[in-house]
Amino acid sequence: MLDCENDWRPLLDALDTIARKGQIAQFWLRDDDAVAASRALARFKGLCLEHATPVLLAVIPHHLQPCLGAEVESWAGAAIATHGFAHINHCLLYTSPSP
């Protein structure tokens, strides 16, 4: 179970230090395994646009649906990166079974 007070403490301390110096922390977000437009992606897009937060969409090309392009086309601050081709763990294909 996540202990918000302790697990996030290093990040919160770093953000406090930045604030004390009068600086502003800059963030970007990553949406992992994007393949299609969805309600969740639309909500994520809305939040990112509302808060002017850049986002990296890690897209799986083999499973990509054309509707994702339409969703991203008008998304200012969104970038796309390839997240593998088919999201297959190739290591398992070449690993010998343990005795």
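Just so it is clear, the structure is predicted and the values come from calculations on it, not from any experiment.

A. Layout of the pairing of strand β2 (residues 55-59). In terms of burial, β2 is largely enclosed, as four of its five residues are buried. In terms of strand pairing, strand β1 (residues 29-34) meets β2 through five bridges, oriented parallel. Residue pairing for β2: L29 is matched across the bridge by V55. For the crossover that starts at β1, traverses helix α3 (residues 39-50) and ends in the parallel β2, the hand is right-handed. Note that β2 and strand β3 (residues 78-82) share five bridges and pair parallel. When the sheet's bridge partners are listed, L56 is paired in β3 with A79. Each parallel crossover has a hand, and the one from β2 via helix α4 (residues 66-73) to β3 is right-handed.

B. The arrangement of helix α2 (residues 9-20) in detail. For α2, which comprises 12 residues, the first-to-last C-alpha distance of 16 Å matches the rise-based estimate of 16 Å (1.5 Å per residue) to within 8%. G22 occupies a position one or two residues after α2 and carries a positive phi of about 75 degrees.

C. Region of interest: the nonpolar core. In terms of nonpolar packing, the biggest core is built from 10 residues, these being A34, L41, F44, C48, V55, L57, V59, L68, V72 and W75. Contributions of two or more residues to this core are made by α3, β2 and α4. Those residues within four positions of W75 in sequence are excluded, and the remaining contacts are L41, F44, K45, C48, L49, V55 and L57.

D. Seen up close, the pattern of salt bridges. What the rule picks out here adds up to two salt bridges. Here D13 and R9 are joined by a salt bridge, their closest N and O atoms 3.1 Å apart. Of this pair, D13 and R9 are both found in helix α2, four residues apart, which corresponds to roughly one turn of the helix. Judged by relative accessible area, which is 36%, D13 ranks as partly exposed.

The rules behind the values
- Residues numbered from 1 in each chain as written.
- Predicted model: local features only at pLDDT ≥ 70, side-chain atom pairs only at ≥ 80, totals over all residues.
- Heavy atoms only, no water.
- Buried < 20%, exposed > 50% of the residue type's maximum accessible area, 1.4 Å probe, protein only.
- Helix = DSSP H or I, 4+ residues; strand = E, 2+ residues; numbered from the N terminus.
- Pairing = 2+ DSSP bridges.
- Right-handed = clockwise from strand over helix to strand, strands pointing away.
- Expected span 1.5 Å × (residues − 1).
- Core = buried A, V, L, I, M, F, W, Y, C linked by side-chain atoms within 4.5 Å.
- Contact = heavy atoms within 4.5 Å.
- Salt bridge = Lys/Arg side-chain N within 4 Å of Asp/Glu carboxyl O.

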